[in-house]
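Residues per chain are reported as follows:
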Amino acid sequence: MSRKHKHDDHEEHVDESWLIPYADLLTLLLALFIVLYSMNSVDVKKFEEMSKAFSIALNTGSGILENPAIVTNGEERQNQKEDQSKEDEQNKEEQDAQKLREAALKQEQEDLEKLKKQLDDYIDKNGLTTDLETKLNMSQLMITISDNALFAPAQATVKPESRELAIAIGKMLQGYPDYEVIISGHTDTTPISTIFFKSNWDLSSMRAIRFMDILLENKQLKPQQFRAVGYGEYQPIADNKTAEGKAKNRRVEVSISHTVADPTNQQVIPAVK
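Once a new chain begins, its residue numbering starts again from 1 and follows that chain's sequence as written. This being a predicted model, a pLDDT of at least 70 is required before a residue's local features are given, and a value of 80 or more before pairs of side-chain atoms are given or counted; all residues contribute to the totals for chains, interfaces and linings. Hydrogen atoms and water are omitted, and side-chain values are computed over all heavy atoms in the structure.

Caption draft 1: Structural view of the overall build of the protein chain. Under the scheme used here, helices are H or I runs from DSSP no shorter than 4 residues and strands are E runs no shorter than 2 residues, and both carry numbers assigned from the N terminus. Summing up its helical and strand segments, the protein chain has 6 helices and 7 strands in all. If you list the helices and strands of the protein chain from N to C, you get α-α-α-β-β-α-β-α-β-α-β-β-β. Think of it in three bands: with a 1.4 Å probe and only protein chains considered, a residue is buried below 20% of the maximum accessible area for its type, exposed above 50%, and partly exposed in between. Across the 273 residues of the protein chain, 31% fall into the buried class. A separation of at least 24 residues holds for 68% of the contacts in the protein chain among residues at least 6 apart in sequence. Contact between two residues is taken to exist if any of their heavy atoms lie within 4.5 Å; hydrogens are not considered.

What follows is the structure, encoded as C-alpha cells:
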C-alpha cells in the first residue's frame, strides 16, 4: 500500500518587488503631466523653477517643500508683485501730475491770447502799428517797442507823451499779476560814450529800468515778478549795416512768460527767447 504523504497547508507570500518600479513609473508620469500642464503657461521662469524642483525630488528623494529655493522664489515673486504695484501707482501719480500741468499750461496760453488781443486792439486804436508789435508762442508773449516810441536819441528817460503807453500796458498786465515779466533793452552797433552812459550796455540797461519804473507805478502789480536787463547790441533782430536794420535793433521788449512747467520735458519754459 502506497504511503501517502501528508502535505501541510501554509500561506504563500506574493512577491511585491514589482511595486517599486511601478511606483517610480507613476511618479514619473505624474511629473510629466504636471510639466505638460505647466507648459501651457507663458511663465517660463515658473516652468524652470518647477522643473528644477522635480529634478531635485526625483534625484535626491527630498520633498519639494524641503527645498528652500522654492520658498525663496515664492517670496521673490511676491516682492516683484509688490514692486510692480508700487511702480504702477507711481506711474499713475506722474500721469495725473502731467495732466494737471497740461491743463494749467493750456489755461496760461488762453490768458496770454486774451492779453495779446487787448494789446493789439490798443495798438490799432492808437495808430501804433509801426512802433509796437506783439508775438505769441508756446513760451511767452513778447511786446516789442521801437526806441523812437519811448526815448529821444541816446537818452534813457521815457518821453512824456510815451508815458501813457507804459501806463496802459501796466493796466493790462494788472489782470495777469502772477506772470513773470522781463523788460529788456537793446541798441544798435553804433558806439556811445557820454557822461551818462559809458557804453551801449549802460544805455540798454537804463532804458529797460526806466520803462519798468513806469509799469510798477501801478501798485496792483507785483515787483517781485519783474526783471530789467540790458543786452546792448548783442541780440540784434536785423542787419546793422542799414539804417532800417539799426532802427529795428533799437528797441525795448516786454516778455510775459509762462510759469507752468512744460509737460513734455518737465522744465520751466524759458522766459527769454
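More follows now that the structure is in view.
Caption draft 2: Structural detail: the pairing of strand 3 (residues 180-186). Of all 7 residues making up strand 3, 6 are buried, and the element is well covered by its neighbours. For two strands to be treated as a pair, DSSP must find at least two bridges joining them. As paired elements, strand 3 and strand 4 (residues 226-230) share 5 bridges and run parallel to each other. What sits directly across from Val 181, in strand 4, is Phe 226. By convention, orient the strands away from the viewer: a clockwise path from the first strand over the helix to the second makes the crossover right-handed. Tracing the backbone out of strand 3, into helix 5 (residues 200-215) and back to the parallel element strand 4 gives a crossover that is right-handed.

Caption draft 3: Inspection of the packing of aromatic side chains at higher detail. Pairing of aromatic rings covers Phe, Tyr and Trp, the last counted by its six-membered ring, and requires centre-to-centre distances within 6.5 Å; plane angles under 30 degrees mean stacked, over 60 mean edge-to-face, and any other angle means tilted. Evaluated as defined, the whole model comprises 3 aromatic pairs. When the centroid spacing of 6.2 Å and the interplanar angle of 70° are considered together, the rings of Tyr 176 and Tyr 179 count as edge-to-face. Both residues of the pair, Tyr 176 and Tyr 179, count as buried. Both rings, one in Phe 196 and one in Phe 197, keep their centres 6.5 Å apart while their planes meet at 55°; by these two values the pair is tilted. Judged by its relative accessible area of 8%, Phe 197 is buried.

Caption draft 4: Spotlight on the sheet that holds strand 2 (residues 140-146). One open sheet holds the 5 strands; their spatial order is 1-2-5-3-4, and the pairing between them is mixed. Every interior strand has two partners, whereas the edge strands, strand 1 (132-136) and strand 4, have only one. If you compare each strand with its neighbour and ignore which way they point, the axes differ by 15° on average. When strand 2 meets strand 5 (residues 251-257), the two strands line up antiparallel, connected through 7 bridges. Residue pairing across strands places Gln 140 opposite Ser 257, the latter belonging to strand 5. Fitted lines through C-alpha atoms give the axes, limited to the stretch in contact for helices. The angle between two N-to-C directions lies from 0 to 180 degrees. Along the sheet, helix 5 makes contact with strand 2, strand 3, strand 4 and strand 5, crossing strand 4 at roughly 160°.

Caption draft 5: Seen up close, the packing of helix 4 (residues 163-173) against helix 5. One can describe the packing of helix 4 onto helix 5 by two numbers: an axis separation of 8 Å at closest approach and a directional angle of 60°. The orientation of helix 4 with respect to helix 5, classified from their angle, is oblique. Note on packing geometry: the crossing formed by helix 4 with helix 5 is right-handed. Touching Arg 163, Ala 166, Ile 167, Ile 169 and Gly 170 of helix 4 are Phe 211, Ile 214 and Leu 215, all from helix 5. Along the lines of polarity and charge, the residues of the contact of helix 4 with helix 5 split into 6 nonpolar, 1 polar and 1 charged. Roughly parallel refers to an angle under 35 degrees, roughly antiparallel to one over 145, roughly perpendicular to one between 65 and 115, and oblique to any angle outside these ranges. Whether a crossing is left-handed or right-handed is set by the direction in which the near helix is turned from the far one by less than a right angle, anticlockwise for left-handed and clockwise for right-handed. Three classes are used: nonpolar for Ala, Val, Leu, Ile, Met, Phe, Trp, Tyr, Cys and Pro, charged for Asp, Glu, Lys and Arg, and polar for all others, with Gly counted as polar.

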